[in-house]
Every structure is written in structure tokens, then in C-alpha cells.
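# Secondary and tertiary structure notes
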Amino acid sequence: MPKISILVPIYNVEEYLEKCLDSILNQTFTDFELIGMDDGSTDLSGVILDRYAQRDHRVRAVHKKNTGYGNTMNQAIQMAHGDYIGIVESDDYIASDMYESMYCCAIEHQAEMVKTDYYDLWDHEDGTEGIKYHRLTKNQSMYNRVIEPNKELEAYFLEKFTWNALYHRMFLLQNQIQYNETSGASYQDNGFWFQTFYFAKKVFFLDQAFYRYKQDNPNSSIHSTQKVYAMKNEYDYIHNFLERHQEKDRKLYQICYHFRVKGCLYTLEKTAVQYKLELARMIAEEYKKYNEQGEITWEWFSKLERNSLSQICHSPEKYVENLLRKEERVRKSVDGFHHVIIYGAGSYGRSAYCQLKKIKDLQIELAVTDLHKKKEYLYSEQIKEITDFSLYKDNSLVILAVKEDSEAYKEMKQILVRERFLHVKTYKNCFG
């Protein structure tokens, strides 16, 4: 039997699948099976998978009708023969030493689960790739030692993804850990993540990155605006799990509610206009319900999240009205411009980018004063020096994305005057 079973859920990813499979088959650790689960793909994904299965005996090609991510993954876990289970999403790829490093770590520490840092990944127009190192946590003390999550609850607040991990197969089977079998492919990893942390006695967080997580696949579920209640359904699943196990620790319910609200607030921001009020009312109703049950604490929420939740609970209608008014104000602030340069790549710059990205047909650029001859990126966009945009100064809008009372603001404003940019607005002008 193989030491590791690597599960690859596949649905309409013909553009990315070969690179994904090649990265797995080229591992320095060779004692594995690759189970490719073709979930009813309508493109050439199934053909590609079969071709790999024919030329490498380690590849098992499974073709099935479309039943969604959760059901597909549960079937794959049951098919696995390895001592450990790994997961690679079919539009991502991995470094050649990923499973050798994780397996050795798991064996050395007798860990039920090993999790690692990862890279965000995106493609540039020139054909090159951008990658950015992503840490599980800023707290270095959580790394490189065995942790029992229920004794160190901070572990629950590390990144929740399930694919940057190696799981002991019997640990999953004995605890009956499964994905929520809702339709589609939205958020089912949340329930799986919570169960693994709930049952695990030995988790090891490794401060190395091997996994390349693709950010710009337009078909990815992270870009869906239709699945408004997917987050609610997933955290109902987690809540029911805690009740079934007669869990008495209210902190675990509070963790469940914390991530439920963070997900709902995120969905409320990005979802279509016609769903916003209904979703806001649901958030308000759930707050009342879980507050009465003692399942809410404010200690993990940011000031912005606390303010948003308080406003929604006071009046969902007014909150959505203000939200739509803000979005309209942002649209009007860039009206007449097809090219916008965000000058500043800190928190104001990130906020400006996220808000402007919602506007269709708007070309957004990111600029700083000096890159010191380094290539840097924010999200999937390459940052350039402001002087690189001098040719566009007559018909571009520059948004000064820094605090107006800062020294940086004064310096940046002087540069814009010197370079003769004609159209400049402050962050406050555009976003309030």
C-alpha cells in the first residue's frame, strides 16, 4: 500500500490540470497514489486525466456524475489506501519536495496533521507568474512544535484551508471526519477544517511553503456572487456538529460564530444588490439568536467588524442603504475615467483596490514612490513607480491612498505636482 494518497478533485480545469498533475508526479517522495476525481467535467479534463493514468500506474482516474465538491471529496477519502492523505486542488500546483517534507515531519512527530505556509499565485499578461508568500499566522510561537488545538484555541485562528496539509487517514476515518455535501464548491473546506482541529491531539504547523494557490482562475468558487447562503449553511453544519457531540465549551461555539459573521460580512460586501438586504436581515436575526445562547464574544472581532455588526443589528435596512450609497459614491468618484492609479500600497491602497475592483471596465494600476529596483505585487497587480505613469497623467485619475496628515502624503502630493498629474483625489474624497 502507498504511504500517501493524494486526492485531486477535478471539474472543468483543462487549462490548469496538466501543470497540477505534473507537479504531483514529479515529487521527490514517490511512494504515493494519485486519485483524480473527475466530477462530471464537460471540457477535456477527463481526457487529460485518463492520459496521465495510462502512462503512470500511480494515477487512478475516477469519472463520476457531478455531485459537488463535498461529496466528491468524501468519496475520494473512502477510496484512499495511503497511511496519509494529501489534497491538491486541480488549478493549483506544488513544489517537488512538498510531500517528502510533510511526511517526514508527520512521522517524526507522530502528528495526525501537518499544515504549512503557502504561496498565492497569479499569472501576468507577459506569461510570467507572480507569487507571494502567505504565512498561516504572524505568531511564530505556533510553528514547529506539536499543538493540541482544543488546549490552544489560537490554533483555530490560523488559515483554514485544507489543501496545505497532510492528514493521517485513520485519524479521519476513526473520527468520521467528512465534508459537508452541499451543492457546488463553496466553503465546504470550513466544516472539514473545524472537525480536524476539534479531534486532533497532535497538529504540527511547519513554517515552510510548498503549495501554489491560484488566485485568478475566473471559474473558481471564490469568485462566485450567487451562493449567498453557502457560508451560513456551512456554519450551520459546524454548529450542528458541536451539538451532536454535546460540546460544553462555549468558546468553540464562539469561534464558530466568529467565522460565521466574518464570512457573512464578506459575502454582504461582494454579493449582488438584490441579495444584500435579505442577507443583512439574516445576520441581524442570527445575532439575536446566538447572543441569547451565549455564543458571542467580541474579543476576536476588529473595530470595523464590531461597528458593522452593531449597525446591521440596529437597522439592516439602513446599513444596506448606506452600503449602496457608499458604493455609488465610489463609482461617482471615478466617473469619466477608465484608468485609475492608486498611489500608495499600504492599508489605504489595499482598501481602495478592493472597492474599485467591483467597478466593471475600470483599469486599475498601483503605484509607490520608489520600489528600490524590486518587483512587488499587491493581490495580482504589479506595483510600479509613480513616474512610470507620466505618459498617462493627462487622462488618468490618481488616488492618493495615504493619511492626509502624514509626511508621506505631503511628499507624494509634491511629487504629483512636480510630475504634473492633472487629476488627483484623496482617499477620503473617494471613499469617505
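Notes on the structure follow.

Rules of the game
- Residues numbered from 1 in each chain as written.
- Predicted model: local features only at pLDDT ≥ 70, side-chain atom pairs only at ≥ 80, totals over all residues.
- Heavy atoms only, no water.
- Helix = DSSP H or I, 4+ residues; strand = E, 2+ residues; numbered from the N terminus.
- Rg over C-alpha atoms; globule rule 2.2 N^0.38 Å.
- Buried < 20%, exposed > 50% of the residue type's maximum accessible area, 1.4 Å probe, protein only.
- Areas by Shrake-Rupley, 256 points an atom, 1.4 Å probe, with all protein chains shown as cover.
- Pairing = 2+ DSSP bridges.
- Axes fitted to C-alpha atoms, helices over the stretch in contact; angles between N-to-C directions.
- Contact = heavy atoms within 4.5 Å.
- Core = buried A, V, L, I, M, F, W, Y, C linked by side-chain atoms within 4.5 Å.
- Salt bridge = Lys/Arg side-chain N within 4 Å of Asp/Glu carboxyl O.
- Disulfide = S-S within 2.5 Å.

### As for the overall build of the protein
Summing up its helical and strand segments, the protein has 14 helices and 16 strands in all. Expected size for 432 residues packed as a compact globule is a radius of gyration near 22 Å; at 23 Å, the protein falls within 12% of this value. A principal-axis box enclosing the C-alpha atoms of the protein has dimensions of 70 × 55 × 45 Å. The buried share of the protein, taken over its 432 residues, is 53%. With the model as given, the accessible surface of the protein reaches about 20,900 Å², and the carbon-plus-sulfur share is 48%.

### Looking at the sheet that holds strand β11 (residues 339-343)
Here 6 strands make up an open sheet; going across it, the order is β13-β14-β12-β11-β15-β16 and the pairing mixed. On the outer flanks of this sheet lie β13 (376-378) and β16 (423-426), each paired with one strand and no other. Averaged over all neighbouring strand pairs, the angle between strand axes comes to 35°, with direction disregarded. Pairing of β11 with strand β15 (residues 397-400), which is carried by 4 bridges, proceeds in the parallel orientation. Following the sheet pairing, I342 is matched in β15 by I399. Here helix α12 (residues 347-356) sits on the sheet in contact with β11, β12 (363-368), β13, β14 (381-385) and β15, set at roughly 160° to β11.

### Observations concerning the nonpolar core
If you look at the biggest cluster of nonpolar residues, it comprises 102 residues, and the most contacted ones within it are I4, I24, V88, Y99, F194 and F205. Ranked by the residues each element gives to this core, the list is headed by helix α8 (residues 250-270), at 10 residues.

### A few points about the pattern of salt bridges
Taken as a whole, this structure holds 24 salt bridges when the rule is applied. Measuring nitrogen to oxygen at the nearest pair gives 2.4 Å for the salt bridge that ties R51 to E18. Linking R51 in helix α2 (residues 45-55) with E18 in helix α1 (residues 17-25), this pair joins segments that are 33 residues apart in sequence. A salt bridge links E419 to R418; the shortest N-O distance between them is 3.4 Å. On the basis of relative accessibility, which here comes to 17%, the residue E419 falls in the buried class. What emerges from the salt-bridge pattern is a single network uniting K232, D236, R260 and E286.

### Thoughts on unusual backbone geometry
Located in the positive-phi region is N144, a residue other than glycine, with phi close to 60°. Following the sequence through the fold, N144 ends up in the loop between β7 (129-134) and β8 (146-147). If you check the backbone angles, R420 has positive phi at about 65° while not being a glycine. In this structure, R420 sits in the loop between α13 (407-418) and β16. Taking the relative accessible area as the measure of exposure, R420 reaches 60% and is therefore exposed.

### Details of the side chain of E327
Relative to the elements of secondary structure, E327 occurs in helix α11 (residues 316-333). Once residues within four sequence positions are removed from consideration, E327 is found in contact with E269, K276 and K358.

### Some details on the pairing of strand β6 (residues 113-123)
For β6, a buried count of 10 out of 11 residues is recorded, marking the element as mostly surrounded by other parts of the structure. Two strands pair when backbone bridges link them, and β6 and strand β9 (residues 165-168) are joined in this way by 3 bridges, in the antiparallel orientation. If you follow K115 over to β9, its bridge partner there is A165. Across 9 bridges, the pairing between β6 and strand β10 (residues 203-214) is parallel. Paired with D120 across the two strands is Y213, which belongs to β10. Bridge count for β6 against β7 is 6 bridges, and the pairing is antiparallel. Its bridge partner being in β7, Y119 is matched across the sheet by Y133.

### Some remarks on the state of the cysteines
For the structure on display, the rule yields 0 disulfides. Looking at C354, it has no disulfide partner, and the nearest cysteine sulfur is the one in C430, 15 Å off.

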